[in-house]
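Remarks on the overall topology
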Amino acid sequence: MTAKHYCEVALPVPLRSTFTYAIPDSLRDEDLAGRRLLVPFRNRAMVGVGLSVSDKAPTIAQIKEISGLLDRIPALPPKLIELGHWISRYYIAPIGETFRAMLPPEIELRHDREYWLTDAGRAYLQELAAGSENTDVESSEFEFLRRFDAATEKARAIQSAAVRRLPGGESAAERLVRRGHLTAQERVHRRKTRTQKIIAWNPAKDEPSTNPAEEKIREVLTATRGPLPIAVLMEKAEVSRAIIQRLEKQGHVLAWEEPLVADEDPWDTDFTPPSNDLNAEQRLALAEIWRWLVAGKFTAGLLHGVTGSGKTEVYLGAIEATISRGKTAIVLVPEIALTLWVGRLVRARFGETVAILHSGLPDVERAREWWRVRHGQASIVVGTRSAVFAPLENLGLIIVDEEQETSYKQEETPRYNGRDVAVYRARLEGAVALLGSATPSLETYHNARDGKYGLLELTSRVENRPLAEVRVVDLREEFRQQLKTRPVSEALRAAIALRLEEKTQAMVLINRRGYSWSLLCRSCGAFVQCENCSIALTYHKSRQRLECHYCGYSIRPPKKCPKCNGEFLYFVGDGAERVEEYLKEKFPAARIARLDRDTVRTKREYQQVLGAFASGELDILVGTQMVAKGHDFQRVTLVGVVAADLALGRPDFRAAEKTFQLLTQVAGRAGRGELAGEVLVETYYPEHYAIQYAVQQDYVSFYEKEAHFRRMLHYPPFTALASVLVRDRKIENAIRWAKALETHFAPFENRGVKILGPAAAPLARLRKDYRFQFVLKSPRRSALGQALSGALDFCAAKKIPDTAVIVDVDPTSLF
């Protein structure tokens, strides 16, 4: 009898351990490391990742077997498995949830839940049927269970899809499962691949037809387009399906099935990239990157270039050099919106070898692109932070554009930073990590100054175009003169009017969604707040709703104060919607659009707005930070920043850095073509160093000033930082658990770890959870890691739920 073998499997559950499964004889000869496996877990089937195989039997008595294998080849190559282990250790994240973030969408399987009535449920049903004074809840449960009784008599289970249509749905069913009145079991079915019929003209039947419809089909399929999906052919030839089917029977056309894929994006077609000759600084930067690539070992470098200095051209040159050496490349951008622009440029240069990966793609399309990369059909990947896990082999280059952006940090488990993971992956692969920005994070610039990273600098714009002139509008002085406030200052209004006369374009940035920030009662001074979060609701005039941007809770604006019943309610602050309305009132003939998450929900809508602005169909574009970076509009000569000091009031040690970065980035949108640009910055705090250095576009001076404060207050880059959040729906539990954790952290004060807290988090309540926060600082990362990993072990020993404690290593914000 052959010895039994066992596989360690990482499952997507919030536990920091792997699970051991027996390998069935049918899979004995398969290499399971890195492959997705279907395994039984409790009372359902789950998909996990095989990590290692051993013939050593585990100590537990009963070992379940692996149910099935999803992949023909390992989904994750060895280097990505090693990367996943590092992320789990470094970010104190459950290993299974870490690997889930690295895998493609699970489109091969469909999970269904089936329900049956138990004997206890049948007895309860009979009890309810005999009762004459049932409560409303009991009456609804009787009607609910009656459906299951009828199905059970016919030896049939009720599927979850049918349960969802019943009053109460799956939540009612699961409640009855917990009480033992129903039993449930999960079933897993393999999905059929969706296909479409492709039609091609049979070359053996090339004689012209006397039938106009048939001749039109022949012309479309031969002279014009070639093989087409049947739906597209019906539209192009303006014929019915019956005519095509008749031609298929007669042998005039050939037909076959192909997997259904996403439509070709017209945004990516018919696009000619701008041709730019490299200047001396760009050539020097590329020459240095070429030396790094030729060396064939890990190198991290910072490409620090002013806005409009041509960093993208350097990226393209670096990719070309990488591909010429037989290597592959990843390009990371901070937001889905920027994948559209960067993806177009890279595809225009490198064609079909480019894959796009981001969470905004439909699951089927994302999985298709992911497997295209895994099978070696694409050698360049462009995407957001999750694209750092693209299964490219022979990796030579990872580019992180706008590396300072906080959107590279994932805000759910695993809480990794895409930029830092990119650097570590480059180290594992012996590749080059190139971080680019006009306003680098303090951590990255500090590493470059210390020699840990190479430093490449582009100090001037392409073609020696001047940087835009930046002026500060002191809103305090304007109020003294006019004794009232407006959504847009008089100086900015006049500047916009001038641009409309000159037939150029203007952008207005206000980093606040909605019409008004909040609704204030002038009787008691209370804001109308979210019922789930400790935050004021934002007013959206177009929807006539007060909304919470954290949990989605919304109500109609009340006529009276919910707290004191007062009638004097007042809208406070102006958002992007109000600024757009004000500009339309002042400039009725101007073509104005707004770009934020309220006006564009899909990739297509985003493309339409940006395309209209780029082609000159719009005069003024109002937007949130979505418009602040990465875009290249040649006719924009004015950028106005409304409420530039908004972020400075947040309880966040990065507030000044984020303000400086945002102002510098948005200032870079002006004067990128042959026309000179101007930037107007509105503020009540013009003396603040972040605003002053942004006006001067002096990054080095800002770094020196901010680094001085960070060093004195023991914040990154001079110390390692972590946040530990304790939360629960009941405030008593959150307080008790936070106090318990305090006893665990106390001894670490003598081991080089500074412990702040517990204290109520800046957002003390979020999505119904009460939240208390610890902040941990240490000059030694190893000491910090010991305190954090020990905290999770302590929580397990004290029966504190895993979901109640959130550990965030290297947080980008303490808010």
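Sequence order sets the numbering: in each chain, residues are counted from 1 along the sequence as written. Owing to the predicted nature of the model, reporting of local features is limited to residues with pLDDT of at least 70; listing and counting of side-chain atom pairs is limited to 80 or more, with chain, interface and lining totals taken over all residues. To get the side-chain values, all heavy atoms of the structure are used, and hydrogens and water are removed first.

Right, let's talk about the overall build of the chain for a bit. Helix and strand definitions here come from DSSP, where helices need a minimum of 4 consecutive H or I residues and strands a minimum of 2 consecutive E residues; each element is numbered from the N-terminal end. When helices and strands are tallied, the chain shows 24 helices and 33 strands. Taken over the C-alpha trace, the chain has a radius of gyration of 30 Å; the compact-globule value for 815 residues is 28 Å, and the two agree within 12%. Projected onto the principal axes, the alpha-carbon positions of the chain cover approximately 85 × 80 × 65 Å. Counting all 815 residues of the chain, 52% fall into the buried class. Partitioning the contacts of the chain with sequence separation of at least 6, the portion at a separation of at least 24 is 75%. Positive and negative charge centroids in the chain, built from 115 and 104 side chains respectively, lie 3 Å apart. We take the radius of gyration over the C-alpha atoms and set the globule estimate at 2.2 Å times the residue count to the 0.38 power. Three labels apply to residues, based on accessible area from a 1.4 Å probe with only protein chains included: buried if under 20% of the type maximum, exposed if over 50%, partly exposed otherwise in between. Any pair of residues with heavy atoms lying within 4.5 Å of one another is described as a contacting pair. Counted as positive: Lys and Arg. Counted as negative: Asp and Glu, with His and the chain ends omitted from the count. A charge is said to be at NZ when it belongs to Lys, at CZ for Arg, at CG for Asp and at CD for Glu.

With that settled, consider the side chain of Thr322. Inspection of the secondary structure assignment puts Thr322 in helix H11 (residues 311-324). Pairs of N or O atoms within 3.5 Å make up the polar contacts considered here, provided that, within protein, one atom can donate a hydrogen while the other can accept it, and that residues adjacent in sequence are counted only when both atoms are side-chain atoms. Among the polar contacts made by the side chain of Thr322, one reaches the main-chain carbonyl oxygen of Ala318 at a distance of 2.8 Å. Not counting chain neighbours up to four residues away, the residues in contact with Thr322 comprise Leu293, Lys327, Thr328, Ala329, Gly396 and Leu397.

What follows covers the sheet that holds strand E12 (residues 299-305). By definition, two strands form a pair when at least two bridges between them are found by DSSP. Strands sit in the order E14-E15-E13-E16-E17-E12-E18 across an open sheet of seven strands; the sheet is parallel. Of all strands in the sheet, those bounded by a partner on one side alone are strand E14 (354-357) and strand E18 (454-458). Taken over all neighbouring pairs, the strand axes of this sheet differ in orientation by 15° on average, direction set aside. As paired strands, E12 and E18 are joined by five bridges and run parallel to one another. Residue pairing in the sheet places Leu303 in a bridge with Leu456 of E18. Axis definition: a line fitted to C-alpha atoms, over the contacting stretch in the case of helices. Angles run 0 to 180 degrees between N-to-C directions.

Both site types are read off a 1 Å grid over the protein atoms alone. A 1.4 Å probe that fits but cannot get out defines a cavity, while an open set with protein on both sides within 12 Å along at least five of seven lines defines a pocket; lining residues have an atom within 4 Å of a point. Grid points are joined across faces, edges and corners, and a volume is the space filled by probe spheres set on the points. Applying the stated criterion across every chain, the model contains one cavity of 30 Å³ or more. Here the largest cavity is characterised by a volume of approximately 60 Å³. Every residue along the wall of the largest cavity is listed here: Trp292, Leu293, Gly296, Lys297, Arg325, Lys327, Gly396, Gly430, Ala431 and Val432. When grouped by side-chain class, the residues that make up the lining of the largest cavity number four nonpolar, three polar and three charged. In the scheme used here, Gly and all other residues not listed as nonpolar or charged are polar, with Ala, Val, Leu, Ile, Met, Phe, Trp, Tyr, Cys and Pro taken as nonpolar and Asp, Glu, Lys and Arg as charged.

The next subject is the nonpolar core. To form a nonpolar core, buried Ala, Val, Leu, Ile, Met, Phe, Trp, Tyr and Cys residues must be joined to one another through side-chain atoms within 4.5 Å. Membership of the largest hydrophobic core comes to 116 residues, with the highest contact counts inside it found for Leu741 and Leu776. The biggest single contributor to this core is helix H24 (residues 781-797), with eight residues. If sequence neighbours within four positions are ignored, Leu741 has contacts with Val724, Val726, Phe774, Ala791, Phe794, Cys795 and Val805. Grouped together as the second largest cluster of nonpolar side chains are 29 residues, Ile289, Leu303, Ala329 and Val354 included.

All right, on to the sheet that holds strand E27 (residues 620-623) then. Within the open sheet, the six strands sit side by side as E19-E29-E28-E20-E27-E26. Their pairing is parallel. Two strands in the sheet have a free side with no partner beyond their single neighbour: strand E19 (469-474) and strand E26 (592-595). Sheet twist, expressed as the average angle between the axes of neighbouring strands with direction ignored, equals 20°. Running over the sheet, helix H16 (residues 475-482) touches E19 and strand E29 (678-683) and is turned about 50° from E19.

By definition, a salt bridge exists where a carboxyl oxygen of Asp or Glu is found within 4 Å of a side-chain nitrogen of Lys or Arg. Counted under the stated rule, the structure contains 48 salt bridges. For Arg349, the salt bridge is made with Glu320, and the minimal N-O distance between the two is 3.1 Å. Pair noted here: Arg349 is in helix H12 (residues 336-350) and Glu320 is in helix H11, with a separation of 29 residues, a long-range link. On the accessibility criterion, Arg349 (36% relative accessible area) is partly exposed. Note that Asp619 is salt-bridged to Arg591, the shortest N-O span being 2.9 Å. Residue Asp619 is located in the loop between helix H19 (603-614) and E27, and its partner Arg591 is located in the loop between helix H18 (576-586) and E26; the two are separated by 28 residues in the primary sequence. Look at Asp619 and you get buried, because its relative accessible area is 15%. A relative accessible area of 39% means that Arg591 is categorised as partly exposed. Within the structure, one salt-bridge network assembled from shared partners comprises Glu443, Arg654, Glu657, Glu706 and Arg710.

Our next topic: the confidence of the model for the chain. Per residue, pLDDT captures the predictor's confidence, and it can take any value from 0 to 100. Per-residue pLDDT for the chain has a mean of 87; in total, 93% of the residues score no lower than 70. Low pLDDT, under 50, characterises residues 262-270; the stretch is placed with 15 contacts to residues that sit more than four places away or in other chains.

By the burial criterion, the buried members of helix H9 (residues 241-250) are Ile243, Ile244 and Leu247. Looking straight down H9, one finds that the buried residues subtend no more than 100° of arc, so they occupy a single side. Projecting away from the buried face of H9 at angles above 90 degrees are the exposed residues Ala242 and Lys249. The first or second residue beyond H9 is Gly251, which carries a positive phi of 85°. The directions from the helix axis to the C-beta atoms are what the arc is built from.

The next point concerns the state of the cysteines. Only a pair of cysteine sulfur atoms within 2.5 Å counts as a disulfide in this structure description. What the rule picks out here adds up to zero disulfides. As a non-bridged cysteine, Cys524 has Cys564 as the owner of its nearest cysteine sulfur, 3.7 Å distant.

For strand E1 (residues 6-10), a buried count of four out of five residues is recorded, marking the element as mostly surrounded by other parts of the structure. In terms of strand pairing, E1 meets strand E4 (residues 44-54) through five bridges, oriented antiparallel. Bridge pairing in E4 places Tyr6 opposite Ser54. One ladder, built from four bridges, connects E1 with strand E2 (residues 19-22); its direction is antiparallel. Looking at the pairing, Cys7 lines up with Tyr21 of E2.

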